[in-house]
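Report on the structure
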Amino acid sequence: MAEGPIRVNRRTVLVAAGGLAVAGVGIPATLAASSEPAPPAESPNRRPISMAMHIHASFSEGIASYAAHLDQASHNNVDVVWWTDHDFRVAAHDHRRVVHFDGEEELEGQLAWNWSASTEGTLTASGADFVDSPHGMDDPPKALRLTATGDGTFWYAGTAWNWTHTGNISDTTLHLDVLPEAAGTDATLIVEIALSHHPATGGRPAGQYALRYRVGAAERRAHSTDGLLGTVDLPAAPGQWRRLTLPLVEDVRRLWPDLAAGDNSLRGLRLGVHVTGSAPGSFVVDRLVFDRARRAGQAGEDLRAEVLRAYEDRFPGVTHHRAYEVSLVRHLNWFGGDQTLPAFPTPPYRNNDVARTEQMIDFLHSHGGVVSWNHPLDVENRESLARLMVERNKLGADLVEIGRAPLDDHLWVLDVAARNAVFFTAVGVTDDHDGTDWRGAAERHITYVWASSTDRDDLVAALRAGRAWFTDLARYRGALDIEVDGRTAMGAVVVTSAAELTVRLLATDLPAGAALELITGTVDLAGVADLNPATESTRISARQLRQGWHDLRVEPGAGAYVRTQVRGADGRILGVSNPAWFLRSVSGDGIPPARRF
């Protein structure tokens, strides 16, 4: 898919014929003469490909559907979406199985279910009481009586620990025992399921859908819709227990035939007694069962693949690939590989132990692909994170989420790691769970790679090699690169004995008032004795960029690296390249094969 805001042609983006190189240790880069450089050499296969790399949809805990994100990608000219749903949520591991209505808080294993009350309209009385009798047909000792009088709805909403009641509805059927005590057309029980957000379709606006089961008002099952609200009427005779079966996907499909019904999450669940005309309503409920038929072992991933097949042809301009956020260690995104789900602990508590995360990264590497260390500052400060980068070699990760808030702190860590020849690919992300407005979100970085196609293997290879940069989705969509000898050196390690080199910097389509900044850094392997960047910054104005690129001479010295960033007129950083390293020699673990120049 073409990038609308980017105006890049072969002359401006493809690799230069002359040699490029890097800034030296503590030595400011010397700007090249202002004469017109030679045009770049042709390289017809590579192109800039934009990617949303951290995206959660209906197999995660947010409101987003896959359709919502694909619609956002299409409207924002993003070529690729990686689906990084949480691994244990895809498998519904230790998700809620049953609620017995034994109290306001109810444990299943070690995980709690809680209820909270609210009202709508004008009620003269309402209540929720856990009673010894009556109770469900085979579920002692208690049940829940919900009552209301007046004109409105008394709601009782349930939530499980860490949203473990939510998740995709594709294989989910609910069962609920109900005893209507005071019911009729003016007093009904409502079971409401909050579904996912979808883009505008079928004459309906964009928004979050809701499915309501209305119990006791009709003599036969009936379906009706009012925009994004779908209602299923269910008969229930007063004074008799009835076990309701609620086939969620089947009813969504019947209510909105144009939706991909399986692309919905059971985002929320609440029970309500709705009354009108001062009528009294009273219902006893018991034994709510979540029947998930296809989640054991690897089956959840097979189910996700099945749901995504509904979108094979609906958004032809967007390529999308399945991935995971591995979530019960320090969070890791896993791109490529065979997508074998790891073993999950019970209960599903996150373990931030460093060694445990390293072991998980080793496991994921054994199954192929590349691994990203996500939101690395969530349990660290920048100093402790920099220490981990140096002492534990970024835990073995291939990628690190640098393009996210607080950006300055993440870039500080990037420069400490680069100074110590800790090689990884810096990526930028949205980490979006809503699918409502990518451009307006606080986290809105996307990652570009130089690749020949949007095929999964090509993208993974580019990420592994570091041929990547990230930008602010809404404010900068240009191309960045660092080139040496007519080839991309961004992300690469150049071992050289040269006293001086020429580096070609690419930066296209800078916004008005923006400038390119060259960050040059020492690579002296200072280690934990000096956990600080050793960098200098050189400003390159838009007028110094000739057709998007600029040549400069640098001295590698004992070891150096260079990266670039685009700074807007307001001082904000809008785009960041990955470094290129220039070293005399390499020791320790050496150069990863994909980074050898």
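Here the structure is shown first, and the text comes after it.
These remarks concern the structure in this document. Numbers given for residues are sequential positions, taken from 1 along each chain in its written order. Whole-chain, interface and lining totals are the exception, using all residues; otherwise, since this is a predicted model, local features are given only for residues with pLDDT of at least 70 and side-chain atom pairs are given and counted only at 80 or more. Derived side-chain values reflect all non-hydrogen atoms in the structure, with water molecules and hydrogen atoms excluded from consideration.

**Side note on the overall build of the protein**
- Helix numbers and strand numbers start at the N terminus; a helix is a DSSP run of H or I with at least 4 residues, a strand a run of E with at least 2. Check the secondary structure of the protein and you find 9 helices and 32 strands.
- Along the three orthogonal principal directions, the C-alpha set of the protein runs to about 90 × 50 × 40 Å.
- Each residue's exposure class comes from its accessible area (1.4 Å probe, protein chains only) as a fraction of the maximum for that residue type: buried when under 20%, exposed when over 50%, partly exposed otherwise. A buried classification covers 59% of the 597 residues belonging to the protein.
- A 1.4 Å probe and the Shrake-Rupley method give the accessible areas. Residues count as covered only by the protein chains that appear here. In the form shown here, the protein has an accessible surface area of approximately 21700 Å², with 47% of it arising from carbon and sulfur atoms.
- Positive charges come from Lys and Arg alone, negative charges from Asp and Glu alone, with His and the N- and C-terminal ends not counted. Here the site of a charge means atom NZ of a Lys, CZ of an Arg, CG of an Asp or CD of a Glu. For the protein, the distance from the average position of its 57 positive side-chain charges to the average position of its 75 negative side-chain charges is 5 Å.

**Concerning the pattern of salt bridges**
- What makes a salt bridge here is a side-chain nitrogen of Lys or Arg within 4 Å of a carboxyl oxygen of Asp or Glu, nothing more. Counted by the stated rule, this structure contains 39 salt bridges.
- The shortest N-O distance in the salt bridge between Asp233 and Arg214 comes to 2.6 Å. One end of the pair, Asp233, is in strand 12 (residues 229-234); the other, Arg214, is in strand 10 (residues 207-215), and 19 residues separate them in sequence.
- Its relative accessible area of 33% is what places Arg214 among the partly exposed residues.
- In this structure, Arg572 engages Asp472 in a salt bridge whose closest nitrogen and oxygen atoms are separated by 3.7 Å. Here Arg572 is found in the loop between strand 30 (559-567) and strand 31 (573-577), whereas its partner Asp472 is found in strand 22 (residues 468-472), with 100 residues between them in sequence.
- Overall, Arg572 belongs to the partly exposed group, its relative accessible area being 44%.
- Classification of Asp472 as buried rests on a relative accessible area of 2%.

**Some thoughts on the pairing of strand 8 (residues 172-182)**
- For strand 8, the buried fraction is high: 8 of the 11 residues fall into the buried class.
- Taken together, the 9 bridges between strand 8 and strand 14 (residues 268-292) define a ladder with antiparallel strand orientation. Paired with His175 across the bridge in strand 14 is Val289. A pair of strands counts as paired when DSSP detects no fewer than two bridges linking them.

**A short note on the sheet that holds strand 20 (residues 425-428)**
- The 5 strands are arranged 16-17-18-19-20 in an open sheet whose pairing can be described as mixed. Every other strand in the sheet has two partners, leaving strand 16 (324-326) and strand 20 as the edge strands with one partner each. Pairwise comparison of adjacent strand axes, ignoring direction, gives a mean angle of 35 degrees for this sheet.
- For strand 18 (residues 370-373) and strand 19 (residues 399-403), the ladder comprises 2 bridges, and the chain directions are parallel. For helices, the fitted axis covers only the stretch in contact; all axes are lines through C-alpha atoms, and the angles between them, taken along N-to-C directions, range from 0 to 180 degrees.

**Let's talk about the packing of aromatic side chains**
- Side-chain rings of Phe, Tyr and Trp (the six-membered ring for Trp) are treated as a pair once their centres are within 6.5 Å; stacked means planes under 30 degrees apart, edge-to-face means over 60, and tilted covers the remaining angles. Throughout the structure, instances matching the rule amount to 16 aromatic pairs.
- A centroid spacing of 5.3 Å and a plane angle of 5 degrees characterise the contact between Trp115 and Tyr156, whose relative ring orientation is stacked. Residue Trp115 is located in strand 6 (residues 111-131), and its partner Tyr156 is located in strand 7 (residues 143-160); the two are separated by 41 residues in the primary sequence.
- On the basis of relative accessibility, which here comes to 8%, the residue Trp115 falls in the buried class.
- With relative accessibility at 4%, the residue Tyr156 sits in the buried group.
- A ring pair is formed by Phe130 and Tyr156, whose centres lie 6.5 Å apart and whose planes are at 50 degrees; its orientation type is tilted. With Phe130 in strand 6 and Tyr156 in strand 7, the pair connects residues that are 26 residues apart, well separated along the chain.
- Through a chain of ring-to-ring contacts, three or more aromatic side chains come together here, namely Phe101, Trp113, Trp115, Phe130, Phe154, Tyr156 and Phe290.
- In this structure, Arg270 packs its charged tip against the face of Trp155, placed 3.6 Å from the ring centre. Whether a charge sits over a ring comes down to the Lys NZ or Arg CZ being within 6 Å of the ring centre and within 35 degrees of the ring normal.

**Considering unusual backbone geometry**
- Looking along the chain, the bond that leaves Ser133 and enters Pro134 is cis, with omega of 0 degrees.
- Looking at the secondary structure, you find Pro134 in the loop between strand 6 and strand 7.
- The step from Pro140 to Pro141 runs through a cis peptide bond, and the omega angle for that step is 10 degrees.
- Locating Pro141 in the fold gives a position in the loop between strand 6 and strand 7.
- At Arg287, a residue that is not glycine, the phi angle is positive and equals roughly 55 degrees.
- Exposure remark for Arg287: the relative accessible area of 22% places this residue in the partly exposed category.
- In this model, Leu395 sits at a positive phi of 60 degrees, which is unusual for a non-glycine residue.
- Position of Leu395 among the secondary structure elements: in the loop between helix 7 (382-391) and strand 19.

Spatial relationships are all this shows, so hold off on functional conclusions.
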